[in-house]
Amino acid sequence: KALPYLDEPDLFLEFGTFPKTFQDIFYWEKNLACFLWFDFYDGAMSTDQCYRLCKAWDCIQSNSKCKIIVMMGGTDFFSNGIHLNVIEAA
């Protein structure tokens, strides 16, 4: 039996709110600034997470009136590079 298809979560949240469930990428808008949150485990990014973060950046640039994008990182880490457990050639 096939699993039901779930739509991608809405990236935009009201300023000062957080997702009700875990969502590793979301953003707020405040005046002309967008705050792009991304919370990856221990700050390490897989290739897929990098692509999704770039997609979120492109979404903000094309659908928003923001002039500034502030990259917020996670609650513990901003980024420490590539997730070593997902390197395909290793």
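Everything below is about the structure printed above this text.
Everything numeric here is computed off the predicted structure, so don't read it as measured data. Note on numbering: residues in each chain are counted from 1, in written sequence order. Owing to the predicted nature of the model, reporting of local features is limited to residues with pLDDT of at least 70; listing and counting of side-chain atom pairs is limited to 80 or more, with chain, interface and lining totals taken over all residues. Computation of side-chain values: all heavy atoms of the structure, hydrogens and water removed.

Colleague: Before we go on, may I ask you to explain the state of the cysteines in this structure?
Modeller: As used here, a disulfide is simply a covalent bond connecting the sulfur atoms of two cysteines. Sulfur atoms of two cysteines make up a disulfide when they are within 2.5 Å. Under the defined criterion, the tally for this structure stands at 1 disulfide. Put simply, C34 and C66 are joined by a disulfide, and their sulfur atoms are 2.0 Å apart. In this structure, the disulfide formed by C34 and C66 twists by about 70° around the S-S bond and is classed as right-handed. Pair noted here: C34 is in strand β2 (residues 33-38) and C66 is in the loop between α1 (47-63) and β4 (68-73), with a separation of 32 residues, a long-range link. A residue is classified by how much of its surface remains accessible, and C34, at 0% relative accessible area, is buried. Free of any disulfide, C50 has its nearest neighbouring cysteine sulfur in C54, separated by 6.8 Å. Each helix is a run of H or I in the DSSP string that is no shorter than four residues. Each strand is a run of E no shorter than two, and both are numbered from the N terminus. For the exposure calls, accessible area comes from a 1.4 Å probe over protein chains only, and a residue counts as buried if that area is under 20% of its type's maximum, exposed if over 50%, partly exposed in between.

Colleague: Help me understand the pattern of salt bridges in this model?
Modeller: Think of it this way: side chains of opposite charge can pair up when their charged atoms draw near. Each salt bridge in this description consists of a side-chain nitrogen of Lys or Arg and a carboxyl oxygen of Asp or Glu lying within 4 Å of one another. Applying the stated criterion across every chain, the model contains 3 salt bridges. The partner of D24 in a salt bridge is R52, with the nearest N and O atoms 2.6 Å apart. Of this pair, D24 sits in the segment before β1 (25-30) while R52 sits in helix α1; the two residues are 28 residues apart in sequence, bridging distant segments of the chain. In this structure, K65 and E29 form a salt bridge, with 3.8 Å as the shortest nitrogen-oxygen distance. With a gap of 36 residues between them, K65 in the loop between α1 and β4 and E29 in strand β1 connect regions that are remote in the sequence. The exposed category is assigned to K65, whose relative accessible area is 59%. Sharing partners across several salt bridges, the network here consists of D24, D48 and R52.

Colleague: What is the right way to look at the sheet that holds β1 in this model?
Modeller: The pairing of strands in a sheet comes from backbone hydrogen bonds and takes either a parallel or an antiparallel form. Read from one edge to the other, the open sheet built from 3 strands follows the order β1-β2-β4, with strand pairing classed as mixed. Both outer strands of the open sheet, β1 and β4, are each paired with one neighbouring strand and no more. Within this sheet the neighbouring strands show an average axis-to-axis angle of 20°, counted without direction. When DSSP locates at least two bridges between a pair of strands, those strands are taken to pair. Pairing between β2 and β4: 5 bridges, direction parallel. Looking at the pairing, F35 lines up with V70 of β4. Only heavy atoms enter the contact rule, under which two residues are in contact if any of them lie within 4.5 Å. Only C-alpha atoms enter the line fits that serve as axes; for helices the fit covers just the stretch in contact. Angles between N-to-C directions range over 0 to 180 degrees. Sheet strands touched by α1: β1, β2 and β4. Its angle to β2, the strand with the most contacts, is close to 165°.

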